[in-house]
Amino acid sequence: RRQLEQWWGLGLYDVSGRCDRRALADRVFRDVSDRLKLEQLTHPLIAERRSRLIAQYESDPGIRMIVLDSPLLYETGLDRLCDKVIYVETDDRIRRERAILRGWPESEIHRREKSQGPLDPKKAKSDYIVENNSDLHALNQQVETLFRRLTTSKSNS
């Protein structure tokens with residue numbers, strides 16, 4: 001928090017003192033240097049916590065799978081930690097409609113997608129593809145089927 005205040009002032013905080021994530025996102029997706037600055041601050045902290053959690057989960061025999069949900073999986077090298085990579089695909093039109101329903105303007109959608117790089121190479125590198133063009137029930141069915149497939153094959157190997 002102190003570092004964010006030093007860089008960008010108190011305008012990033014709401015009346016309760018919490019970071020206004022929308023204001024922060026607006027800043028960092030508008031200016032590449034600000035985004036890189038934020039990533040240099042947060043990525044090491046996130047990596048440390050992720051390592052602790054992975055070690056904790058790996059020591060628990062009740063945990064059957066660890067999922068890393070990361071839009072920058074390949075860009076940050078996190079794919080090297082993964083036995084398998086699952087790409088969740090949503091048609092561009094549907095992705096945009098969902099983001100607009102969450103209150104994102106078209107310009108914000110474009111800026112964020114641009115900052116994450118092209119999707120086709122990520123899809124091509126992935127081991128599995130899950131389609132997310134329908135409703136939550138259909139998505140859950142695909143995920144459950146894939147989970148059973150992955151955990152069954154892992155326990156048999």
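For the structure, see preceding data.
> Could you clarify how one ought to interpret a nonpolar patch on the surface in this entry?
Taken together, the side chains of Y57, I63 and I66 make up a nonpolar region of the molecular surface, amounting to roughly 220 Å² of accessible area. Residue I63 is classed as partly exposed on the basis of its relative accessible area, which comes to 36%.

> I keep staring at helix α4 (residues 92–101) and nothing clicks. Help me out?
Residue pairs three or four apart in sequence face the same way in an α-helix, which turns once every 3.6 residues. All of the buried residues along α4 are I94, R96 and A99. Looking at the packing, one finds that the buried side of α4 touches α5 (106–115).

> Quick question: what am I supposed to make of the packing of aromatic side chains here?
Here a ring pair, both rings aromatic, is described through the centre-centre distance and the interplanar angle of the planes. In the structure shown here, the tally under the stated rule is one aromatic pair. Sitting over the ring of Y13, R1 keeps its end group 3.9 Å from the ring centre. Positioned above the aromatic ring of W104 is the side chain of R112, whose terminal nitrogen or guanidinium carbon lies 4.1 Å from the ring centre.

> I'm lost on the pattern of salt bridges in this one. Help?
Oppositely charged side chains are able to pair whenever their charged atoms sit close together. Counted by the stated rule, this structure contains 16 salt bridges. In this structure, the salt-bridge partner of R1 is E5, at a minimum N-O distance of 2.7 Å. Here the salt bridges share partners, and the residues they tie into one network are D26, R30, E108, R111 and R112.

Rules used throughout
- Residues numbered from 1 in each chain as written.
- Predicted model: local features only at pLDDT ≥ 70, side-chain atom pairs only at ≥ 80, totals over all residues.
- Heavy atoms only, no water.
- Patch = residues over 30% accessible without salt bridge, like charges linked within 9 Å, V, L, I, M, F, W, Y side chains within 5 Å.
- Areas by Shrake-Rupley, 256 points an atom, 1.4 Å probe, with all protein chains shown as cover.
- Salt bridge = Lys/Arg side-chain N within 4 Å of Asp/Glu carboxyl O.
- Buried < 20%, exposed > 50% of the residue type's maximum accessible area, 1.4 Å probe, protein only.
- Helix = DSSP H or I, 4+ residues; strand = E, 2+ residues; numbered from the N terminus.
- Contact = heavy atoms within 4.5 Å.
- Phe/Tyr/Trp six-rings, centres within 6.5 Å; stacked < 30°, edge-to-face > 60°.
- Lys NZ or Arg CZ within 6 Å of the ring centre and 35° of its normal.

Coordinates in, geometry out; function isn't part of it.
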